[in-house]
Amino acid sequence: MIAAPLVSVDKLKIHFPTKRRGRTVKAVDGVTFDIEPSTTLSIIGESGSGKSTLGRALVCLTRPTEGTVLHDGTDPFRLGRSALRRHRRDYQLIFQDPHAALDPRMTILESVREPLDIVGEIPKADRNAQAHGLLERVGIAPALHERYPHQLSGGQKQRVNIARALTTRPKVLVCDEVVAALDVSVQAGILNLFADIQRDFGLTYVFITHDLAVAAHISDEIAVMYLGQFVEKGLAEAVQETPLHPYTRALLSAEPEPLPSAMRENNRIVLKGEVPSPITPPAACRFHTRCPRAQARCSKDAPDFRQLRPGRWVACHFAEEMLEEAGEKAQAGPAERAGQRQACE
Amino acid sequence: MRLYPHLALVKDVPMTNPARPPLLEVKNVCASLGGADVLRNVNFSVAAGERLGIVGESGCGKTVMGLSILGLASSAFHLRGEIVFEGRNLLDLPAKAMRHVRGREISMIFQEPMVTLDPVFTIGEQICETLRTHFKLARKEAREQAIDALAQVGIPAPAERVDDYPHQLSGGMRQRAMIAIALACKPKLIIADEPTTALDVTVQAQITNLLVELSEKHGTALLFITHDLGVVAETCDRLITMYAGQVVENAGIDDFLARPLHPYSSGLLRSLPRMSKRKTALPSIPGRVPTVAEMPAGCRFEPRCSLAQAPCKAEQSLLPAGEARKVACCRYDELMLPGVLN
């Protein structure tokens, strides 16, 4: 049985005008994908790749320039004002900076209760009880519920933000770099909490992150974004073990691994330069200017974002070749599998 | 009552490789703020050309330690102990003499290049300022050296970039410019405080590679302050773990990763999300770093430590544990703590 996608994005483009007339920042430039209910999709990429803009569009905070975002089959941007407001309850966003996201003049209980106050459907005592319950669910002791944000640590504040996002019982949570500002020890606790509440509430997550280890840890699927477009998407293990786009390989290879020197890879792929401007992205394949595998055709025609295997999407002219190489490596034995990351060099 | 009085009697032996005399020795450094110790008996040394990492959660005193070496820590901190650099105690050095050390012999790279570079001067002017402060150089010579420094850190077209203002450069290029300033006078030690935290992984890889390459080429020692154990593993030879203002472990990087001796070190390593541990619950360290006002009297990690026993109520000092290793835990011998491999 195949569940219907909860979120369906079709040829989405979001362009912003710049001060100079006629030029636009192509933040998101033609992205198509579906998200199945109760799964986690991570979107990874460098800063400026359009991850956050895409995340905002998923919760109706940014209007598409072209293309559509469908929630359970309906287009939220076609809803009337009050219908859209009701609709938003199901699609919540959590931000990176846990402190900036909380009102400094409200106690955390008030912050968590606020969405219920706005909805205003139940008596105040019940709203308070619900807010207390959610704060406890995310691991905030009752003694702290009347405190103000500045009296809490970063990890506690992020827990409060999670509780607040849960008050309206959403279906989808978009988490934009939610653990980036936290220490690893605290980050681990928050990631565990995300996993627990997904199980309890049947939530669907979109995790926007630049941290590959975090993405690999929590996701069912990973999408890799570069200059407003997806370059690869697939199951987390598959993308991580046999990346089929040179950019994904470079990202995985650049990730610093806390391993003893004997176990670390020495031939890292270090990309030259930085992400080009999204105002004038390179023609044809957008990655060709930094790609270690680029050939003449890469600057002439853009590769299609195509399905290589069920659920495995890649936009590279050499994806089939890389898949074959990966297949040979896999047959050659697990010892050589470690060397796969270098295959594109 | 102290349960292990002998522990306090053993003097800390600074650990140095006999082949490489220490360039910098930090001896029993304490920094107090309103009567409480923000740093407490910090001991470590850096040999010439060595790359030492300092890791720990935020609020553990890593940055205060780094700033104290250069005399840049806030004057609210009362510093005691000795910071010996090539035979001179930097804590006793008059302000004027300290200015000759700062930037010339020891330099620093900060986390936020946009905040630390002056927006109203060009990159070239900022490098020349450092050079002309320490050497008698004509403007033209200084400019040439500035262009050289930019070329060394891999900035393309350095002769043109030298006249750029910081806002005209990208984040990675700004951090390269910061490194160029830090390297301009060919210092013996560079203190890098979270130099790659604000950067993307791809650019982070470029910057860490560059730091290692330059350190090897010029024999510059590096004190690398970071919370990222992956970055330490790829750049440093050894590392110290700091917790609540104390050094709790000092070890070679490979030994540390495979078999940490302090429960806090092990906790940090185990809480890292790893690709190989997908979708399993991550062991996190409960609680948080104590603030200055709430420092426990005994082992500072004891309230958060799942392995604490009665002896842990006593203060722990950093003691030798095998060859070239030190740990501040009275139970290290009986515990087999997991590292990154298990």
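Fair warning: this is a prediction, and the values are worked out from it, not measured in the lab.

Visitor: Where do I start with the side chain of glutamate 50 of chain B in this structure?
Guide: Residue and element names in this part refer to chain B. With respect to the secondary-structure elements, glutamate 50 resides in the loop between β2 (36–47) and β3 (51–55). Arginine 238 provides the closest opposite charge to the buried, unpaired glutamate 50, separated from it by 4.1 Å. For glutamate 50, the side chain forms a polar contact with the main-chain nitrogen of alanine 47, separated by 3.0 Å.

Visitor: I keep staring at the sheet that holds strand β5 (residues 88–89) of chain B and nothing clicks. Help me out?
Guide: In a beta sheet, neighbouring strands pair by backbone hydrogen bonds and run either parallel or antiparallel. Residues and elements named next belong to chain B. Taken in spatial order, the four strands line up as β2-β1-β4-β5 in an open sheet, and their pairing is antiparallel. One side of each edge strand has no neighbouring strand; the edge strands of this open sheet are β2 and β5. The pairing of strand β4 (residues 78–85) with β5 spans two bridges and is antiparallel. Bridged to phenylalanine 85 within β5 is arginine 88. Helix-sheet contacts for helix α2 (residues 62–69) involve β1 (22–33), β2 and β4, and the interaxial angle to β2 is about 65°.

Visitor: Teacher, can you tell me more about the pattern of salt bridges here?
Guide: Using the criterion set out here, one finds 34 salt bridges over all chains in the structure. Notably, a salt bridge pairs arginine 127 of chain A with aspartate 117 of chain A, separated by 2.8 Å at the nearest N-O pair. Taken together, the residues arginine 127 of chain A in helix α4 (residues 124–137) and aspartate 117 of chain A in helix α3 (residues 108–119) connect sequence positions 10 residues apart. A relative accessible area of 29% means that aspartate 117 of chain A is categorised as partly exposed. Between lysine 313 of chain B and glutamate 302 of chain B there is a salt bridge whose closest N-O contact spans 3.0 Å. With lysine 313 of chain B in the loop between α12 (263–270) and β11 (319–320) and glutamate 302 of chain B in the loop between α12 and β11, this residue pair connects regions lying 11 residues apart in the sequence. Exposure remark for lysine 313 of chain B: the relative accessible area of 58% places this residue in the exposed category.

Visitor: What exactly am I supposed to notice about the pairing of β1 of chain B here?
Guide: A regular strand carries its side chains on alternate faces of the sheet. All names here are of chain B. Bridge count for β1 against β2 is eight bridges, and the pairing is antiparallel. Across the sheet, residue leucine 24 finds its bridge partner in β2, namely valine 46. Taking the residues that link successive antiparallel strands as the turn, the β1-β2 hairpin has two residues, and the phi of glycine 34 there is positive, at about 60°. With seven bridges connecting them, β1 and β4 associate as antiparallel partners. Across the sheet, the residue bridging to cysteine 30 is arginine 80, located in β4.

Visitor: How should the pairing of strand β9 (residues 238–243) of chain B be read in this particular structure?
Guide: All names here are of chain B. Most of β9 sits inside the fold, with six of its six residues counted as buried. Neither face of β9 is exposed, since Arg238, Ile240 and Met242 on one face and Leu239, Thr241 and Tyr243 on the opposite face are all buried. Both β3 and β9 contribute to a ladder of four bridges, which runs parallel. Bridging across to β9, isoleucine 54 finds its partner in isoleucine 240. Bridge analysis of β9 against strand β10 (residues 246–252) gives six bridges, and the strand direction is antiparallel. Across the sheet, the residue bridging to methionine 242 is valine 247, located in β10.

Visitor: Would you mind going over helix α6 (residues 184–201) of chain A with me for this structure?
Guide: Given 3.6 residues per helical turn, the α-helix brings residues three or four places apart onto the same face. Residues and elements named next belong to chain A. For α6, with 18 residues, the first-to-last C-alpha span of 25 Å sits near the 26 Å given by 1.5 Å per residue. The complete set of buried residues in α6 reads Val184, Ser185, Gln187, Ala188, Gly189, Ile190, Leu191, Asn192, Leu193, Phe194, Ile197 and Gln198. The first or second residue beyond α6 is glycine 202, which carries a positive phi of 60°.

Visitor: Would you mind showing me how to read the packing of aromatic side chains here?
Guide: Residues and elements named next belong to chain B. Scanning the entire structure with this criterion turns up 12 aromatic pairs over all chains. Between tyrosine 264 and phenylalanine 301, the ring centres sit 5.1 Å apart and the planes meet at 65°, which makes this aromatic pair edge-to-face. Pair noted here: tyrosine 264 is in helix α12 and phenylalanine 301 is in the loop between α12 and β11, with a separation of 37 residues, a long-range link. Residue classification places tyrosine 264 among the buried positions, given a relative accessible area of 0%. Here phenylalanine 301 falls in the buried class, since its relative accessible area comes to 3%.

Visitor: What exactly am I supposed to notice about the interface of chain B and chain A here?
Guide: Many analyses report the size of an interface as the accessible area lost when the parts associate. Chain B puts 43 residues into the contact, and the matching count from chain A is 44 residues. Approximately 3,700 Å² of surface area, both sides summed, lies buried where chain B meets chain A, with 55% of it carried by carbon and sulfur atoms. Two residues, glutamate 234 of chain B and arginine 268 of chain A, come together in a salt bridge whose shortest N-O distance is 2.7 Å. Run the count over chain B and chain A and you get 12 residue pairs in polar contact (both at pLDDT 80 or more). Contributions of two or more residues to the side of chain B that touches chain A are made by α8 (171–183), α9 (201–218), α10 (229–235) and α11 (253–258) of chain B. Considering each element in turn, the side of chain B that touches chain A owes the most residues, eight residues, to α9 of chain B.

Visitor: What is the right way to read the side chain of glutamate 249 of chain B from this model?
Guide: Residues and elements named next belong to chain B. Here glutamate 249 shows up in strand β10. One polar contact links the side chain of glutamate 249 to the main-chain amide nitrogen of leucine 261, over a distance of 3.0 Å. Beyond its immediate stretch of four places on either side in the chain, glutamate 249 contacts Leu239, Ile240, Thr241, Phe256, Pro260, Leu261, His262, Ser265, Leu318, Arg325, Lys326 and Val327.

Visitor: Can you walk me through the nonpolar core in this structure?
Guide: Nonpolar side chains in soluble globular proteins tend to end up buried together. In this structure, Phe44, Ile69 and Leu189 of chain B are the most contacted members of the largest nonpolar core, which totals 99 residues. Here the element with the most residues in this core is α8 of chain B; it accounts for eight residues. In contact with leucine 189 of chain B, other than residues within four places in its own chain, are Leu23, Leu24, Val46, Phe85, Glu105, Ile106, Ser107, Thr220, Ala221, Leu222 and Leu223 of chain B. Counting residues in each nonpolar core, the second largest holds 34 residues, with Ala131, Val178, Leu182 and Leu193 of chain A among its members.

Visitor: Is there a simple way to think about the domain arrangement of chain A in this case?
Guide: All names here are of chain A. Taken domain by domain, chain A holds domain 1 (7–229) and domain 2 (246–344). The interface of domain 1 with domain 2 comprises 20 residues on the first partner and 18 residues on the second. For the pair domain 1 and domain 2, the summed buried area comes to about 1,600 Å², and 62% of that belongs to carbon and sulfur atoms. Area buried by domain 1 at its contact with domain 2 is led by Leu212, Tyr226 and Leu227, which between them contribute 41% of it. Joining domain 1 to domain 2, the criterion identifies two salt bridges.

Visitor: Help me understand the environment of leucine 52 of chain B in this model?
Guide: Residue and element names in this part refer to chain B. Secondary-structure assignment places leucine 52 in strand β3. Of the residues examined, leucine 52 reaches a relative accessible area of 1% and is grouped as buried. When the C-alpha positions of leucine 52 and proline 290 are compared, they lie 25 Å apart, and in sequence the two are 238 residues distant.

Visitor: Looking at this structure, how should I read the sheet that holds β9 of chain B?
Guide: Residues and elements named next belong to chain B. Pairing within the open sheet is mixed, and its eight strands lie in the order β6-β7-β8-β3-β9-β10-β12-β11. For this open sheet the edge positions go to β6 (106–109) and β11, each flanked by a neighbour on one side alone. Strand contacts of α8: β6 and β7 (189–193), with the helix running at about 170° to β6, the strand carrying the most contacts. Contacting β9 and β10, α12 crosses the sheet at an angle of about 105° to β9.

Visitor: Explanation requested: the packing of helix α5 (residues 123–134) of chain B against helix α6 (residues 139–152) of chain B in the structure shown.
Guide: Between two packed helices, the angle of one axis relative to the other and the distance separating the axes together describe the packing. Residues and elements named next belong to chain B. Two elements in contact, α5 and α6, have axes whose closest approach is 9 Å; the angle formed by their N-to-C orientations is 115°. Comparing their axes, α6 and α5 come out roughly perpendicular. You can see that α5 and α6 cross each other, and the crossing is right-handed. Across the interface between the two elements, Ile123, Gly124, Ile127, Cys128, Leu131 and Arg132 of α5 pack against Arg139, Ala142, Arg143, Gln145, Ala146 and Leu150 of α6.

Calculation rules
- Residues numbered from 1 in each chain as written.
- Chains lettered and ligands numbered in written order.
- Predicted model: local features only at pLDDT ≥ 70, side-chain atom pairs only at ≥ 80, totals over all residues.
- Heavy atoms only, no water.
- Helix = DSSP H or I, 4+ residues; strand = E, 2+ residues; numbered from the N terminus.
- Buried < 20%, exposed > 50% of the residue type's maximum accessible area, 1.4 Å probe, protein only.
- Lys, Arg positive; Asp, Glu negative; His and termini not counted.
- Salt bridge = Lys/Arg side-chain N within 4 Å of Asp/Glu carboxyl O.
- Polar contact = N/O pair within 3.5 Å; in protein donor to acceptor, adjacent residues only side chain to side chain.
- Pairing = 2+ DSSP bridges.
- Contact = heavy atoms within 4.5 Å.
- Axes fitted to C-alpha atoms, helices over the stretch in contact; angles between N-to-C directions.
- Expected span 1.5 Å × (residues − 1).
- Phe/Tyr/Trp six-rings, centres within 6.5 Å; stacked < 30°, edge-to-face > 60°.
- Buried area = accessible area lost by both parts, 1.4 Å probe.
- Core = buried A, V, L, I, M, F, W, Y, C linked by side-chain atoms within 4.5 Å.
- Domains from an automatic or database assignment.
- Parallel < 35°, antiparallel > 145°, perpendicular 65-115°, else oblique.
- Left-handed = near helix turned anticlockwise from the far one by under 90°.

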